[in-house]
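# Residue-level structure breakdown
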Amino acid sequence: MENMLHLAPSQALPLDRCIYTSEHQLPAAISATASLPVIDLSRGRREVRRAILDAGMEYGFFMVVNHGIPEEVIRNMEDVCEEFFELPAEDKAYMYSEDRYKPNRIFSGTTYETLQEKRPLVPGPFSTSETGGEKYRRDCLRLACPFPIGDGTKDWPHTPQRLRGVIENFTTLTRGVGMELLQLLCEAMGLQPDYFEGDISGGDVILNINHYPICPNPSKTLGLPPHCDRNLITLLLPGKVYGLDVAYKGDWIKVEPVPGAFVVNFGQQLEVVTNGLLKSIEHRVVTSATQARTAVATFIMPTPDCLIGPAEEFITEDKPPCYRTVKFRDFMRIYNVVKLGSSINLTTDLKNVQKQI
């Protein structure tokens, strides 16, 4: 637990735990004009599904409001996550682990390994955010949630007392919104509405409850590096403090939180299924010198043995398959995040990644 950033005063942290070398300064400017689309899910179905497809093709990201999750559920989730990170170290030490294969644990995301590592990975979208030992200012409570949930919460934290019930309720409702978005996307693209039912969305839902402590030098420090999500679709409850940037046309879009809204982005499996029509876009987390931030990312995942490849609806004589059909576990094994020294908006080249599988 001595590695957990949120347990130490910011001024007490060694500077080399969170600072980049000169070759890895935070790249590119914030866009002065672009912003993510905000989609009102209470509008007509035809309008909503078109808006989702348009936003996905242009940005790979969008925000949703009027999604049907009660404000009280969101407020309770935000509160209980804050309460967890405010607990004394001794009350959560049993959850701490540096074993990346353990599905339920708390850990510090300050140091990532090298790009060359090829070991099998526990399903978690950031478990190979490996960029040559660079360091990131994040503590994370990661939880795996099977569906149906059953006794899947037994390895979750038992304090605060209400945590399991609050997170189970939030996860169930958030997954429901994600599945509805996928159905709307199917309708917009001409796929069967249930195309994303079954194994392609049937893995454990992974929750990353990310806490980004106050940082003494945000100009040289990231909470998370530029990366693309490896799953199917992600729904982010961003919290009340700005911290998310999305790559767009050589700049970064600064994503200001909208009360009650979720930020949604497409994972790389959607890019594969649509044969490149949709893209999984790079994003990063910046830090703040004045405010800590807690955000909850909900990842809808395929099962490990799910075979994923381009859908026949996206294959033509002029557009042959751009991606191989592979098991999700093999994709997870080989995928790595680009180095910070690379230019932004790369959108990891999955065709090159798959050559290594």
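To keep things clear, this report deals only with the structure shown in the data block. (Residues numbered from 1 in each chain as written. Predicted model: local features only at pLDDT ≥ 70, side-chain atom pairs only at ≥ 80, totals over all residues. Heavy atoms only, no water.)

### Brief notes about helix 1 (residues 45–58)
Its 14 residues place the ends of helix 1 20 Å apart at the C-alpha level, agreeing with the 20 Å of an ideal helix rising 1.5 Å per residue. When helix 1 is considered as a whole, its buried residues turn out to be Val48, Ile52, Leu53, Ala55 and Gly56. Relative to the axis of helix 1, the buried residues are bounded by an arc of 165 degrees and lie together on one face. Tucked inside the fold, the buried residues of helix 1 contact strand 1 (38–40), strand 2 (61–65), helix 3 (163–189) and strand 10 (262–266). (Helix = DSSP H or I, 4+ residues; strand = E, 2+ residues; numbered from the N terminus. Expected span 1.5 Å × (residues − 1). Buried < 20%, exposed > 50% of the residue type's maximum accessible area, 1.4 Å probe, protein only. Arc of directions from axis to C-beta. Contact = heavy atoms within 4.5 Å.)

### Quick word on the packing of helix 2 (residues 71–86) against helix 3
Closest axis-to-axis distance for the helix 2/helix 3 pair is 9 Å, and the angle between their directions is 135 degrees. Taken together, the axes of helix 2 and helix 3 are oblique relative to one another. Pair helix 2 / helix 3 crosses with left-handed handedness. Together, Val73, Asn76, Met77, Val80 and Phe84 of helix 2 and Leu163, Val166, Ile167, Asn169, Phe170 and Leu173 of helix 3 make up the contact between the two elements. (Axes fitted to C-alpha atoms, helices over the stretch in contact; angles between N-to-C directions. Parallel < 35°, antiparallel > 145°, perpendicular 65-115°, else oblique. Left-handed = near helix turned anticlockwise from the far one by under 90°.)

### With respect to the side chain of Arg105
The residue Arg105 is located in strand 3 (residues 105–108) in this model. For Arg105, the side chain forms a polar contact with the main-chain oxygen of Asp99, separated by 3.2 Å. (Polar contact = N/O pair within 3.5 Å; in protein donor to acceptor, adjacent residues only side chain to side chain.)

### Looking at the pattern of salt bridges
Once the charged atoms of two side chains with opposite charge are near each other, the side chains can pair. According to the stated counting rule, one finds 15 salt bridges in the structure shown. Across the pair Arg43 and Glu47 runs a salt bridge, and its minimum N-O distance is 3.6 Å. For Glu47, a relative accessible area of 42% gives the class partly exposed. Salt bridges here are not isolated pairs; linked through shared partners, they connect Arg45, Arg49, Glu180 and Glu187. (Salt bridge = Lys/Arg side-chain N within 4 Å of Asp/Glu carboxyl O.)

### Observations concerning the nonpolar core
Among the nonpolar cores identified, the biggest contains 85 residues, and Leu36, Ile52, Met77, Ile167, Phe196 and Ile209 are the most heavily contacted of them. Every residue in contact with Ile209, bar those within four places of it in the chain, is listed here: Met77, Cys81, Phe85, Asp139, Cys140, Leu141, Leu143, Ile167, Thr294, Ala295 and Val296. (Core = buried A, V, L, I, M, F, W, Y, C linked by side-chain atoms within 4.5 Å.)

### Overview of the pairing of strand 7 (residues 233–237)
Among the five residues in strand 7, five count as buried, and that is most of the element. Neither face of strand 7 is exposed, since Ile233, Leu235 and Leu237 on one face and Thr234 and Leu236 on the opposite face are all buried. Bridge count between strand 7 and strand 10: four bridges; the pairing is antiparallel. Bridge pairing links Thr234 to Asn265 in strand 10. Sheet topology note: the strand 7/strand 12 (residues 293–300) ladder contains five bridges and is antiparallel. Bridge pairing in strand 12 links Leu235 to Thr298. (Pairing = 2+ DSSP bridges.)

### Overview of the packing of aromatic side chains
A ring pair, where both rings are aromatic, is described by two values, the distance of the centres and the angle of the planes. One pass over the structure, following the stated rule, counts five aromatic pairs. Summarising the aromatic geometry, the rings of Phe84 and Phe85 are spaced 5.5 Å apart at their centres and angled 85 degrees between planes, so their arrangement reads as edge-to-face. Given a relative accessible area of 1%, Phe84 falls into the buried group. Sitting over the face of the ring of Phe107, Arg105 holds its NZ or CZ atom 3.9 Å from the ring centroid. When the ring centre of Tyr242 is taken as reference, the NZ or CZ atom of Lys254 above it lies at 4.6 Å. (Phe/Tyr/Trp six-rings, centres within 6.5 Å; stacked < 30°, edge-to-face > 60°. Lys NZ or Arg CZ within 6 Å of the ring centre and 35° of its normal.)

### Considering the sheet that holds strand 9 (residues 251–255)
One open sheet holds the four strands; their spatial order is 6-11-8-9, and the pairing between them is antiparallel. The open sheet has two edge strands with one neighbour each: strand 6 (222–227) and strand 9. Across this sheet, the average inter-strand angle for adjacent strands is 25 degrees, counted without regard to direction. Relative to strand 9, strand 8 (residues 244–248) runs antiparallel, the two sharing five bridges. Bridged to Tyr248 within strand 9 is Asp251.

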